[in-house]
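# Fold and contact review
Okay, here's what each chain looks like letter by letter:
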Amino acid sequence: MEPDFTAERETLAVLAELLIREREALVKGDLDALEPLGAQKAALVERLERLLLKGHLRDVLAPVSPADRPARQARLAAWLAKQSSTVQAAWRALLQEAARLQDLNRLNAYLVEQRLALCRQALAVLTPAGDASVYGDDGLWSTASATRERARI
């Protein structure tokens, strides 16, 4: 029986929806939504790995060290060459969808980086140079007036 990669395609479709929801949460700044989305994303990636490492591809895609990856790629190419054109097309479609999801994930990572950079800039403005504390024990601003002016910006 030839693999049709139906379960893998379905998992990638769910993962795509999840990445889009993750992007929407990042844009909105909805931090409460991000934690469960991250957990769901990790579970889907694990499921996809389990699916790919079962059956026909178990020996071909078995986890390897970085040094062994060229050998794994050669095994995959040899396996794929023996398959029907239908299986080859299904595999190519799976790879194309995985590449699209990788791009979606990169976009989400970029959004996280942008938010992080903005937070760092805000902290730099609010935190006096060389002083980790902004306010003294009495609750009053503890640095010179020039720093106060910068913090009002």
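From a predicted model like this one, the values you see are computed outputs, not experimental measurements. (Residues numbered from 1 in each chain as written. Predicted model: local features only at pLDDT ≥ 70, side-chain atom pairs only at ≥ 80, totals over all residues. Heavy atoms only, no water.)

### Points about helix α4 (residues 85-126)
The first and last C-alpha atoms of α4 sit 61 Å apart over 42 residues, in line with the 62 Å expected at 1.5 Å per residue. Among all positions in α4, only V87, A90, W91, L94, L101, L104 and N108 are buried. Summarising the contacts, the buried residues of α4 are in contact with α1 (6-28), α2 (31-52) and α3 (69-81). (Helix = DSSP H or I, 4+ residues; strand = E, 2+ residues; numbered from the N terminus. Expected span 1.5 Å × (residues − 1). Buried < 20%, exposed > 50% of the residue type's maximum accessible area, 1.4 Å probe, protein only. Contact = heavy atoms within 4.5 Å.)

### Concerning the packing of α1 against α2
Contact geometry of α1 with α2 gives a least axis separation of 10 Å together with a crossing angle of 160 degrees. Classified by the interaxial angle, the pair formed by α1 and α2 is roughly antiparallel. Of the two possible hands of crossing, α1 and α2 adopt the one that is left-handed. Across from A7, E8, T11, L12, V14, L15, L18, L19, R21, E22, A25 and L26 in α1, the residues of α2 making contact are A33, L34, L37, Q40, K41, L44, V45, R47, L48, L51 and L52. The residue inventory of the contact of α1 with α2, partitioned by class, reads 16 nonpolar, two polar and five charged. (Axes fitted to C-alpha atoms, helices over the stretch in contact; angles between N-to-C directions. Parallel < 35°, antiparallel > 145°, perpendicular 65-115°, else oblique. Left-handed = near helix turned anticlockwise from the far one by under 90°. Nonpolar A, V, L, I, M, F, W, Y, C, P; charged D, E, K, R; others polar.)

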